[in-house]
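Observations on chain architecture
One-letter residues, chain by chain:
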Amino acid sequence: MKQKLVLKVDMYEEKSRSKALKTAVSAEGVLSVALDEKDKSKLVVIGEDMNAYELVTSLRKKNTRVEMETFEEVKSEKKEEKKPEEKKPVEQWPYVYHPNLPQHIVYPLPAVSNYGYNSDPCSIM
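As the structure is a prediction and not an experimental result, all values here were calculated from the model.

**Structural notes on the overall build of the protein**
Regarding its fold elements, the protein presents two helices and four strands. Listing the helices and strands of the protein from first to last along the sequence gives β-α-β-β-α-β. A buried classification covers 18% of the 125 residues belonging to the protein. If you take every contact in the protein between residues at least 6 apart in sequence, the share linking residues at least 24 apart comes to 64%. Surface summary for the protein: the accessible area is close to 11800 Å², and the carbon and sulfur share equals 53%.

**Re the pattern of salt bridges**
Under the defined criterion, the tally for this structure stands at three salt bridges. Across the pair Glu67 and Arg65 runs a salt bridge, and its minimum N-O distance is 2.5 Å. Its relative accessible area of 47% is what places Arg65 among the partly exposed residues.

**As for the side chain of Thr23**
By the element assignment, Thr23 lies in helix H1 (residues 14-26). Ignoring anything within four residues of it in the chain, the contact list for Thr23 reads Leu55, Ser58, Leu59 and Lys62.

**Focus: H1**
Across its 13 residues, H1 extends 18 Å between first and last C-alpha, which sits within 8% of the 18 Å expected from 1.5 Å per residue. Looking at H1, one finds that the buried residues are Ser16, Ala20, Thr23 and Ala24. Projected down its long axis, H1 carries its buried residues within an arc of 95°, all on one side. Of the residues in H1, the exposed ones pointing more than 90 degrees away from the buried face are Glu14, Lys15, Lys22, Val25 and Ser26.

**Concerning helix H2 (residues 52-62)**
All of the buried residues in H2 are Ala52, Leu55, Val56 and Leu59. The buried residues of H2 occupy an angular sector of 95° when the element is viewed end-on, so they sit on one face. Opposite its buried face, H2 presents the exposed residues Tyr53 and Lys61, each directed more than 90 degrees away. Where the residues of H2 are buried, they touch strand E1 (2-9), H1, strand E3 (42-48) and strand E4 (66-73). In this structure Asn51 caps H2, since a side-chain oxygen of it lies 3.3 Å from the backbone nitrogen of Tyr53.

**Quick look at the sheet that holds strand E2 (residues 30-35)**
Spatial strand order, E2-E3-E1-E4: four strands in an open sheet with antiparallel pairing. Whereas interior strands pair on both sides, the edge strands pair on one side only; in this sheet they are E2 and E4. In this sheet, adjacent strand axes meet at a mean angle of 20° when their direction is disregarded. As paired elements, E1 and E4 share seven bridges and run antiparallel to each other. Considered in E4, the bridge of Lys4 is made with Glu72.

What counts and how
- Residues numbered from 1 in each chain as written.
- Predicted model: local features only at pLDDT ≥ 70, side-chain atom pairs only at ≥ 80, totals over all residues.
- Heavy atoms only, no water.
- Helix = DSSP H or I, 4+ residues; strand = E, 2+ residues; numbered from the N terminus.
- Buried < 20%, exposed > 50% of the residue type's maximum accessible area, 1.4 Å probe, protein only.
- Contact = heavy atoms within 4.5 Å.
- Areas by Shrake-Rupley, 256 points an atom, 1.4 Å probe, with all protein chains shown as cover.
- Salt bridge = Lys/Arg side-chain N within 4 Å of Asp/Glu carboxyl O.
- Expected span 1.5 Å × (residues − 1).
- Arc of directions from axis to C-beta.
- Polar contact = N/O pair within 3.5 Å; in protein donor to acceptor, adjacent residues only side chain to side chain.
- Pairing = 2+ DSSP bridges.
- Axes fitted to C-alpha atoms, helices over the stretch in contact; angles between N-to-C directions.

As structure tokens, this is what we get:
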């Protein structure tokens, strides 16, 4: 079961903020730690079977003042079943004539006969 804990921590410098985040992350059962969007002095800790008392006491050892604002269970969101998408047929591109490419022309071979053409393929000899 997931739990959400909101803590108000005195974080007056960047060093104390990073120290509080490191301490909260190192606690047992903590899944995520984030700063509150509206109030930057609040830590939002989400964990699974975490001990809030141990987390608050460890933060109080590192930082001067820590107050626990809310501690509640997080309800898991039901995943919506997605319908499988229909596969569309792949469109085939038609043959395209490219004028910049050389065109190969195939000429028919002349008929070999004794009248007018030599049967010898070599014309030098």
